[in-house]
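Chains, contacts and geometry: an overview
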Amino acid sequence: MKLMGWLCVWALPLLLGTFASVCWLAEGSSSMDTANTAESTSQGPQARKSGEADGVADPFHSGSNGGPCKRTNCGRGRQCVLLESTGRAECVCQEKCRPTFVPVCGSDGRFYENHCEVYRTACLQKRRIYVVHSKDCFFKGDTCTMADYNKLKSMLLDMQPKGLNGRDRNIKRDMDQKRALVDTMFKYLDTDGDGRLCSDELEQISMKEHLEDSLLECTMQDLLRYDDYNNDGHLTLHEFYTAFQVVQLSLAEDQRVSVSTVTVGLSTVLSCAIQGTLRPPIIWKRNGIILNFLDLEDINDFGDDGSLYITKVTTIHMGNYSCHAYGYEELYQTHVLQVNVPPVILVYPETQAQEPGVSASLHCHADGIPDPKIMWLKNGMDLQPRPSKQLSLIANGSELHIGSVRYEDTGAYTCIAKNEVGVDEDISSLFVEDSARKTLANILWREEGLSVGNMFYVFSDEGITVLQPSKCEIRRHIKCTERIMASYEEMCPKGEGVSPEHCVWSSAVSVRDKYIYVTQPLQKRLLVIDTQAQNVVQTVETDPFPVKLLYDKSHDQVWVLSWGSMQKSHPTLKVIPQASVGEVHHTIRTPFQRVDDFFIPPTNLIITHVRFGFVFLKSEPAVHKIDLETFHRVKTISLKNYSCVPVSMAYTHLSGFYFIQCQSQSRDPSSAQPQLLIDSVTDTVIGPNLNITGQPYVSPDGRYIITPDQQRGKVRVQTVSFQGVLGLSRELDTSLVVSDLIFQPSFTKSNQYTVVAASGSGTDLLFSDLATGHIEVLRSLKEPLSHHTWPWGGPNRVVVSSGLFGQYLVTPSAESLFVLNGKLNTPHCEVSDIKRGNTVVWVGEV
């Protein structure tokens, strides 16, 4: 058997009183040398060993060639040297033994490679050590247990090396300090400065510092036994780091931030680039929330190498993720995840018929990440119009405008939207023909389209007004006394003490443009209106005082919140299933009691299905997540740590932020609580949304969050980037006390919006272009309803748009209704004799 390694010896020149050590690279053999032989070494400057010619010194009869050493008997483990200055013989500890492997046990309980090492060690340690003829040490192991060994290392760390001042002793020993301490210790032990700790260096330090009396069952040699991982007979600094658990972590500068892009619906892996010795487990965070220990549906697997797996990526997963080794948060890598979405488009109108000489517009709205580019084909051929009065592209191609149509403009116009990850297309057909020709297109466009679709339904004291906005034409007025088709009772029966007879409404929703559901809080019911027949066709009984409706398009359900009384004494939450189906409808009671309000995120072209909603309970600092299909509570998210009783919520599917408006516990308006942010990936409260207070509103594409700050007279605009980063964009100074706020698609730039806000205390209406920040204010729109005459919650002055492609808006005053041109930001007309028309629904073709 061969043994390769570094064998180290050290000598103690008595005249100098200093340590000196020398290491040789030796190759051992299996020859059975006796324990009293020693290999000669090169001479020191003051001493020459006897037996130099033979290459071997005999410790019993040193000086075989004659001279003083021949007559000197040094004993086992020692050898004779001649002092050059005096010529006298001197016995010193043997410098090294032949590297033979004949294992023996010493009386000190240690394991030795041969007999010579036993006696040489006895000489070095100046104590009696003899060979024990027992095999116990081979089978039972060293008396230095792992626990004792750890105590030894702790003691060595606690011993302050020379050179550290008192100030350093009081500093908390983090990893950097521990590394510096171990570095200093290694240099102190490495007396020859070769970067390797040998057995002899460890022993001489043990003797010098008198450690043998305080090391319990362990010695300095146990550092080699436990932590010489490659068994080469010495410890490197790297092995020393491992022994003292000094974690060496590194992260390349160019990898501190990693940007990943993945297409929605696919899976992705984020790998942590932090490397190093003894690297602890990798911890992943999102918005400061540790992900490793959460039971998440889509992030439920962490690889052996510390990678993060997202099994099915959606837009809520975009954002920043950070990784660090457990316990070492100061070194971290940031992963920026962008989620790309193929385009989804909608054209309007699908079909239109126009007479020659009039103008026509074809609209194409495209959602996608990144923003899609739009192009048009006519009958399959590229259509690249040059700017002219006849043919032009508006708002980055989202509108194709024909100034004066001719017969040859008849055709199928294909809108194509394309981005990095996909393409979508749809056709808008244009027929140019004389109105006298009764073609199918003409009939559909002129008779059905104009008579049924694209109408505002306004619910007022006088009944229901169906308004066509472009001509300010009342197409139908359903009076209070009209009969309901199913029951033949009056639409608004006269109540006791109520004179004259009038209707009371509180909330209405459009259900796929087929039906309108509207509440009658004083009648303990809601009405269902058929938009094709423009008649009330059914009543649905509810609990007393139904005040709020919301249509869940994902599940075709209408949710109904009832107060039970004007004092909200017995609130309930019910659901009407299959709301768009033409049958007799009924309500299903949900299991929630003391309901104060609820929130269901909206859908759009990209997000077509919503799984969860939220319920707020009276005076409770929490939101309850519910399954919209089963109506069961999924979990409760406590807001108690922030003393937040929720008032309203908003949601963006970009990075999945929920924004919660908190109820102010103080009467002092200046002490309003800031909004809270919840991460929908982890259902965890992130913390306050800066210092923003008030009700949040989110644009349909999820990119803008608008919060009117009523106390400070500002409107705060936040944006969410396609990398999921939420930031404050701008503040709009306005004295408007906002009652209601909506987003209208921009007419000049695709994928942008104009904010329209109505005042709840004055006559003003605000328009703000989010792309430019430009603000216009319409004034003198008459006074809104007072708050005490609108006791049903929600805005006392609504503002309602005419759909994705519409340019008209309506907003009521106390005694009339205003129709506004959103394209020009100007009043269009005023419809008088509509009192308390604060419940408005748009029924459009899209």
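Provided above is the structure to which this section pertains.
Residues numbered from 1 in each chain as written. Predicted model: local features only at pLDDT ≥ 70, side-chain atom pairs only at ≥ 80, totals over all residues. Heavy atoms only, no water.

Take the overall build of the protein chain next. Each helix and strand in the protein chain was counted, giving 9 helices and 60 strands. Counting across all 846 residues of the protein chain, residues that qualify as buried make up 51%. Surface exposure of the protein chain reaches about 39300 Å², of which carbon and sulfur atoms provide 51%. (Helix = DSSP H or I, 4+ residues; strand = E, 2+ residues; numbered from the N terminus. Buried < 20%, exposed > 50% of the residue type's maximum accessible area, 1.4 Å probe, protein only. Areas by Shrake-Rupley, 256 points an atom, 1.4 Å probe, with all protein chains shown as cover.)

Okay, the state of the cysteines next. What we call a disulfide is simply a covalent bond connecting the sulfur atoms of a pair of cysteines. All told, the structure shown has 9 disulfides when counted by the stated rule. Two residues, cysteine 97 and cysteine 116, share a disulfide whose sulfurs are 1.9 Å apart. Note on the cysteine 97 and cysteine 116 pair: the S-S dihedral is about -80°, so by sign convention the disulfide is left-handed. Linking cysteine 97 in the loop between strand 7 (89-93) and strand 8 (104-106) with cysteine 116 in helix 1 (residues 115-125), this pair joins segments that are 19 residues apart in sequence. In this structure cysteine 116 comes out as buried when scored by relative accessible area, which is 4%. Two residues, cysteine 364 and cysteine 415, share a disulfide whose sulfurs are 2.0 Å apart. Taking the sign of the torsion about the S-S bond as the criterion, the disulfide between cysteine 364 and cysteine 415, at about -75°, is left-handed. Separated by 51 residues along the polypeptide, cysteine 364 in strand 22 (residues 360-369) and cysteine 415 in strand 27 (residues 411-419) bring together distant segments of the chain. Using a relative accessible area of 2% as the deciding quantity, one classes cysteine 364 as buried. Given a relative accessible area of 0%, cysteine 415 falls into the buried group. (Disulfide = S-S within 2.5 Å.)

All right, on to the packing of aromatic side chains then. This structure, assessed with the given rule, holds 13 aromatic pairs. Considering the side-chain rings of tyrosine 651 and tyrosine 658, the 4.6 Å spacing of their centres and the 35° angle between planes classify their relative orientation as tilted. Its relative accessible area of 16% is what places tyrosine 651 among the buried residues. Here a set of aromatic residues connected by ring pairs shows up, and it is made of Phe186, Phe240 and Phe244. Above the face of the tyrosine 488 ring, arginine 483 is positioned so that its terminal group lies 5.3 Å from the ring centre. (Phe/Tyr/Trp six-rings, centres within 6.5 Å; stacked < 30°, edge-to-face > 60°. Lys NZ or Arg CZ within 6 Å of the ring centre and 35° of its normal.)

Before going further, it helps to examine the sheet that holds strand 52 (residues 738-745). Spatially, the 4 strands line up as an open sheet ordered 52-53-54-55, and their pairing is antiparallel. Lying at the two open borders of the sheet, with one neighbouring strand each, are strand 52 and strand 55 (775-778). The average undirected angle you get between the axes of adjacent strands in this sheet is 20°. Pairing of strand 54 (residues 765-769) with strand 55, which is carried by 4 bridges, proceeds in the antiparallel orientation. What sits directly across from leucine 766, in strand 55, is valine 777. (Pairing = 2+ DSSP bridges. Axes fitted to C-alpha atoms, helices over the stretch in contact; angles between N-to-C directions.)

What follows covers the environment of glutamate 113. Summarising the element assignment, glutamate 113 is placed in the loop between strand 9 (111-112) and helix 1. According to the relative accessible area criterion, glutamate 113 is partly exposed, its value standing at 29%. Along the sequence, glutamate 113 and cysteine 97 sit 16 residues apart, while their C-alpha atoms lie 9.9 Å from each other.

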